[in-house]
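Now for the letters of each chain:
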Amino acid sequence: MSTLVLVRSGCYQDSARLMQVSRELAAVAGVSEAVAMMGTETNRRLLAESGFPAAELAKATPLDMVVALRAESPAALDSVQVALDRLLAGRGEGASSGPAAAAKGPGTVTEALEAHPEANLVSVAVPGPYAAFVAQRALDAGRSVFLFSDNVSSADEVALKRRAAGLGLLVMGPDCGTAILSGVGLGFANRVERGPVGIVGASGTGIQELSCLLDRRGIGVSHAIGTGSRDLSEAVDGAMTEAGLALLARDPETTCVLLVAKHPAASVARRLHGVLARLGKPVAVRYLGEIARGDVEGVFYAGSLDEAAEKAAAWAGAQALPAATTTAGTGRRAEGDPEQGESRLVGLFGGGSLAAEARCVLAAHGVETVVPDVMLTAHSPLPPGNLVVDTGDDAYTVGRPHPMVDQTVRCSLIRAAGADLSVRVLLLDLVLGDGAHPDPAPEIVQNVVAARAARAGRPLSVVVSVCGSRRDPQGTRRQEEVLRQGGLHVASSAALAAGEAAALLPLVREEVAR
Amino acid sequence: MRASEITTFLDAAALQVRARTPLPCRELDPQPGPVSRASLVLDLACIFLPARSRALLSGQGGEPGSVEEAVVKWANARVDALVGTLLSGDVRVASYRSDAAALTGLGPGLTPTGDDLLVGLAAMSQRLVGGGLVEARAAVAFSTVLAGLPAGETTPAAQRLLQNAARGVFPSALASVVEMIGNPNADPESLQTLTVGLASVGAHSGADLLAGALALVNGVVDGKKSR
C-alpha cells in the first residue's frame, strides 16, 4: 500500500468542497482512501498516527489544504494528483458540467481571472482572516482591488496599500462599503447619473449621502472611490486617498472633487491639505464631526455633507436649491404632552457617518449627545442622556448582516426606545440603493407604530433622513411617502434631519413644562 | 496605473470572488423557557439524528483503519470527557483545557469537526445552566477555555466561531435548536424542523454542532457525573 500527502498552500476550502474533493479522489481507480482536511496541528497529528508521512504533513498550516491518499500502487497516486489539480481548478468532472457548476462561479482569484482575463478590478468579499491573502493574489495578478471584507488587520492593510501604491494600483478597503466607478456601483451604492463630480471617501455612507445630495440637485458623479475607513489613520497615511485624488485629478470627465472622511489623523490631514491645494481642480472636503473652516488656500472645508455637496453642485453649474425644498419633511412641532417629565432624544442610525454628522449638527443646535459605551439591547434600560447609536457598529453586527440590509436589531431598539417614556424624539436614517434592504420603510413604520402604541398616549416624534437617489430600486419617493403616511417627519439629509430633531426637542420640553 | 488607463480601469466590470459569508450568529434567548430532564429524554427519543451525528455520539463510524474512523473515535472520547467534567461541576479552567485543545482543529471542514463539537457543547451547557442541570461556574470555566485556545491550532473561521461561542454567540441554527430542546412546552414538530435545518448547515458542520449539543444532553439523561 502506498501513501501520499499533498499540501496545497493557502488553498482554503469550505466543508462541502473538502468533502467533494475527498469523495471524487476516493473514486479514482486504485485509491483506497482519500481525505482532504485543513492542515491544523490536530489533523496533522491524526494523519501521522494513521500512517501518513509526517515530514510532508509538517509543511502544512491551518491555512493550507492537506490531501492524504492511500492507494494500491504508486501509479494510482499519480493519476490522483492530476485529478486533484483538475478539481481545484474547477475543471473536475463534477465541476465542469451541469447547472450547478454554471452557477458556482469562481472559487479563487486565479479561476476568476481565467474566466475574465479582461477584468482589471477584483472585488473581494471573503471572511476577514482570508481577505488579505486573496487581495494579495489580485495585486500579484496586476489588478486593483475592491476589498469589501472587514476584520482585516491594520498591518495587512498597510502592507496591501504600500504594495498597491508601488504597482500603481488601488486597494479600496478593507471594509470598503461603497464605490461608483464609471456609473457602476460596487457594494452599497445609489444609482446616480454620471456627471462632473468626483468623490474620494473613507466613509461608505458619506459617499452615498454626497452622491444622493448631488442627485437631488441634478448633478451626476464621474467616479466615487472608496478607500476604507482607516485610510486616513497615521499608520495608513492616506495612501489610497492620495492615489484616488490623483486619478480624479487626471480624469478629464471630472471637473471638481469632493473628499469625505471620518476623523483623519492630524498629521495626515496636514499632509493631504498640501495634496488638495495642488490638485488643480476645485475641491471641497468634509471631515465628519469637524466644524466648518471655509476656504483655506483654495481648499473648501465644509461644515456638513450638505454644504460640501452644495459647493460641488455650484461648481458644476447647478442652481442653488431654495431653502424650502431642501427639506422634504413638514412637521416642525412635536405633539403636546400634558404630563411633566424628562424629555430626550435617541438617534438610531444604520450609517456610521450619518450618525457622526447628526451628532455634529445636534451639538451645533445645543443638543449634546453621547455614544453609549455599552451595547444597547432591547431587554435592558437605555443609558441616560441624549443618545446617538450606530447600529452598524461591529458590536451590533456580530453574525448579522449590516442594518442597511437587516433591520432586526434597529427595529428592536426603536421599540425599546419607545417603551422609555423619557424618549420624546427619535432620529433615524434610511439608506437606500443597491445592496440595501429592498423595502425598508414599511418595517420602520411598523415598529414606530408599535413603539407609539406602547406609550399609553404619550407622543413620540420621529424624524428620519432618507439617503436615496431618483433611480434607486426601492423607489425613494415611495419610501418617503410610506414614512410620511406612518406619521414620521422626513428629511432629505442626515444634517437636515438632525436640525429638525434639535428644533423639536425644545418644543417638546416646553410642552412638558406646561 | 497610467492616467490614460483610468477610464479603462473604471469601466471594467467588477469581478466578484465567490463570497463565503460567515454563518449567521446570535446570542441565546435570555429566557428560552423551562427545561426538564423528562423533556430531554422525550426529545432525545424523537429528534432527527443525522448519521454523522450518530457516529460522533457513539464513537463508531468510518471504515476500519480509516482516518474517518480515527476522527470519530478521537472526537467521541474527548467530548465524553468534557461532558463528564462539565456535569461533575468542575469549575477549574485547567480541567477542560487538554480535552478542548485535543478537539480544536480536529477533522474535516473549514470549521473542523472538533471545533463544531466544542461550540455545540458550549451552547447546550449555557442552555442547561438555565434549568439547573449544569453548574453555571462550570459552564463559564468551559467557555473561558474556548476563548483561550491558541489561534494557530485551527482554521481562522473556526477560531472566530470559538471566540463567538466563548462570549455566548452561536450559529443561529444551533441556537434555535438548543433553545427548544428540553422545553416541555415546545412543539415537537418545530423541533424536528429546526434540527433538520441545523443538520443541513455545511457539509457536516451542522451535524457536528448538533452532536456536540446532544452529547451533553445524553450525559444529563444518563446521569453522568464525572470521569
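Each value, and the rule that gives it
Residues numbered from 1 in each chain as written. Chains lettered and ligands numbered in written order. Predicted model: local features only at pLDDT ≥ 70, side-chain atom pairs only at ≥ 80, totals over all residues. Heavy atoms only, no water. Helix = DSSP H or I, 4+ residues; strand = E, 2+ residues; numbered from the N terminus. Buried < 20%, exposed > 50% of the residue type's maximum accessible area, 1.4 Å probe, protein only. Contact = heavy atoms within 4.5 Å. Areas by Shrake-Rupley, 256 points an atom, 1.4 Å probe, with all protein chains shown as cover. Pairing = 2+ DSSP bridges. Axes fitted to C-alpha atoms, helices over the stretch in contact; angles between N-to-C directions. Core = buried A, V, L, I, M, F, W, Y, C linked by side-chain atoms within 4.5 Å. Domains from an automatic or database assignment. Salt bridge = Lys/Arg side-chain N within 4 Å of Asp/Glu carboxyl O. Patch = residues over 30% accessible without salt bridge, like charges linked within 9 Å, V, L, I, M, F, W, Y side chains within 5 Å. Lys, Arg positive; Asp, Glu negative; His and termini not counted. Charge placed at Lys NZ, Arg CZ, Asp CG, Glu CD. pLDDT = per-residue confidence, 0-100. Phe/Tyr/Trp six-rings, centres within 6.5 Å; stacked < 30°, edge-to-face > 60°. Lys NZ or Arg CZ within 6 Å of the ring centre and 35° of its normal. Parallel < 35°, antiparallel > 145°, perpendicular 65-115°, else oblique. Left-handed = near helix turned anticlockwise from the far one by under 90°. Right-handed = clockwise from strand over helix to strand, strands pointing away.

Counting its secondary structure elements, chain B contains 11 helices and 3 strands. Listing every helix and strand of chain B by position from the N terminus yields α-β-β-α-α-α-α-α-α-α-β-α-α-α. Burial statistics for chain B: of 227 residues in total, 53% are counted as buried. Expressed as a percentage of contacts within chain B between residues at least 6 apart in sequence, the contacts between residues at least 24 apart total 75%. When the accessible surface of chain B is split by element, carbon and sulfur atoms take 54% of a total near 8900 Å².

All names here are of chain A. Spatially, β8-β7-β10-β9-β11-β12-β14-β13 is the arrangement adopted by the 8 strands of the open sheet, whose pairing is mixed. One side of each edge strand has no neighbouring strand; the edge strands of this open sheet are β8 (184–187) and β13 (294–296). Strand-to-strand twist of the sheet, defined as the mean angle between neighbouring strand axes without regard to direction, takes the value 25°. Alignment of strand β9 (residues 197–201) against strand β10 (residues 221–226), held across 4 bridges, turns out to be parallel. In the sheet register, Ile199 faces β10, and the bridge partner there is Ala224. Lying on the sheet, helix α12 (residues 305–315) is in contact with β9, β11 (256–262), β12 (283–288) and β14 (299–301); it crosses β12 at an angle near 170°.

If you look at the biggest cluster of nonpolar residues, it comprises 73 residues, and the most contacted ones within it are Leu25, Leu69, Met172 and Tyr287 of chain A. Here this core gathers at least three residues from each of two domains, domain 1 (2–104) and domain 2 (111–321) of chain A. Among the nonpolar cores identified, the runner-up in size contains 68 residues, and Phe52 of chain A together with Val67, Leu106 and Leu162 of chain B belong to it.

Our focus in this paragraph is the pattern of salt bridges. Evaluated as defined, the whole model comprises 28 salt bridges over all chains. Between Arg216 of chain A and Glu480 of chain A there is a salt bridge, and its shortest N-O distance comes to 3.0 Å. Here the residue Arg216 of chain A occupies a position in helix α9 (residues 204–216), and Glu480 of chain A occupies one in helix α16 (residues 476–485), the gap between them amounting to 264 residues. Residue classification places Arg216 of chain A among the partly exposed positions, given a relative accessible area of 29%. Note that Glu69 of chain B and Lys73 of chain B form a salt bridge whose closest N and O atoms lie 3.4 Å from each other. Highlighted residues: Glu69 of chain B and Lys73 of chain B, both in helix α4 (residues 67–87), separated by 4 residues, approximately one helical turn. Relative accessible area serves as the criterion here: at 19%, Glu69 of chain B is assigned to the buried category. For Lys73 of chain B, a relative accessible area of 46% puts it in the partly exposed group. In this structure, a network of salt bridges that share partners links the residues Glu157, Lys161, Arg230 and Asp231 of chain A.

On to a negative patch on the surface. Residues and elements named next belong to chain A. A cluster of acidic residues, Asp150, Asp175, Asp393 and Asp394, forms a negative patch at the surface. With respect to the helices, strands and loops of the structure, Asp175 is situated in the loop between β6 (171–172) and β7 (178–181). According to the relative accessible area criterion, Asp175 is partly exposed, its value standing at 43%.

Let us look at the pairing of strand β4 (residues 121–124) of chain A. Residue and element names in this part refer to chain A. Burial along β4 is two-sided: Leu121 and Ser123 facing one way and Val122 and Val124 facing the other are all buried. Looking at chain direction, β4 and strand β5 (residues 144–147) are connected through 4 bridges and run parallel. Each bridged residue has a counterpart across the sheet, and for Val122 the counterpart in β5 is Val145.

Residues and elements named next belong to chain B. Chain-level pLDDT for chain B is 84 on average; 88% of the residues reach the 70-or-more range. Least confident of the elements in chain B is helix α1 (residues 6–11), whose mean pLDDT is 32; most confident is helix α6 (residues 113–130), at 95. Counting contacts from residues 1–21, a segment whose pLDDT is below 50, to residues more than four positions away or on other chains yields 61 contacts.

Before going further, it helps to examine the environment of Leu214 of chain A. Residue and element names in this part refer to chain A. You can see Leu214 is positioned in helix α9. Along the backbone, Leu214 and Ala308 are 94 residues apart, and their C-alpha atoms lie at a distance of 9.7 Å. In contact with Leu214, not counting residues within four places along its chain, are Val197, Ile199, Ile219, Val221, Leu258, Ala309, Ala312 and Ala313.

Turning next to the packing of aromatic side chains. Two numbers describe a pair of aromatic rings. These are the distance of the centres and the angle of the planes. One pass over the structure, following the stated rule, counts 4 aromatic pairs over all chains. Relative to Phe142 of chain B, the ring of Tyr96 of chain B lies with its centre 5.9 Å away and its plane at 50°, an arrangement referred to as tilted. Within this pair, whereas Tyr96 of chain B is found in helix α5 (residues 94–103), its partner Phe142 of chain B is found in helix α7 (residues 136–148), the two being separated by 46 residues in sequence. For Phe142 of chain B, a relative accessible area of 0% translates into the label buried. Through pairs of rings, three or more aromatic residues link up here, namely Phe146, Phe148 and Phe188 of chain A. Stacked on the ring of Tyr301 of chain A, the Lys or Arg Arg293 of chain A has its end atom at 4.4 Å from the ring centre. Positioned above the aromatic ring of Phe300 of chain A, the side-chain terminus of Lys311 of chain A is 4.6 Å from the ring centre.

A word on the packing of helix α3 (residues 51–58) of chain B against helix α11 (residues 205–222) of chain B. All names here are of chain B. Here α3 crosses α11 at 45°, and the two axes come no closer than 9 Å. By the angle between their axes, α3 is oblique relative to α11. When the axes of α3 and α11 are compared, the crossing they make is right-handed. In contact with Arg52, Ser53, Leu56 and Leu57 of α3, α11 contributes Ala207, Asp208, Leu210, Ala211, Leu214, Ala215 and Asn218.

A few words now on the pairing of β10 of chain A. Residues and elements named next belong to chain A. Extensive coverage of β10 is indicated by the burial of 6 of its 6 residues. Direction of pairing for β7 relative to β10: antiparallel, over a ladder of 2 bridges. Bridge pairing in β10 links Ile180 to Ala224. In this fold, the crossover linking β9 to β10 by way of α9 has right-handed handedness.

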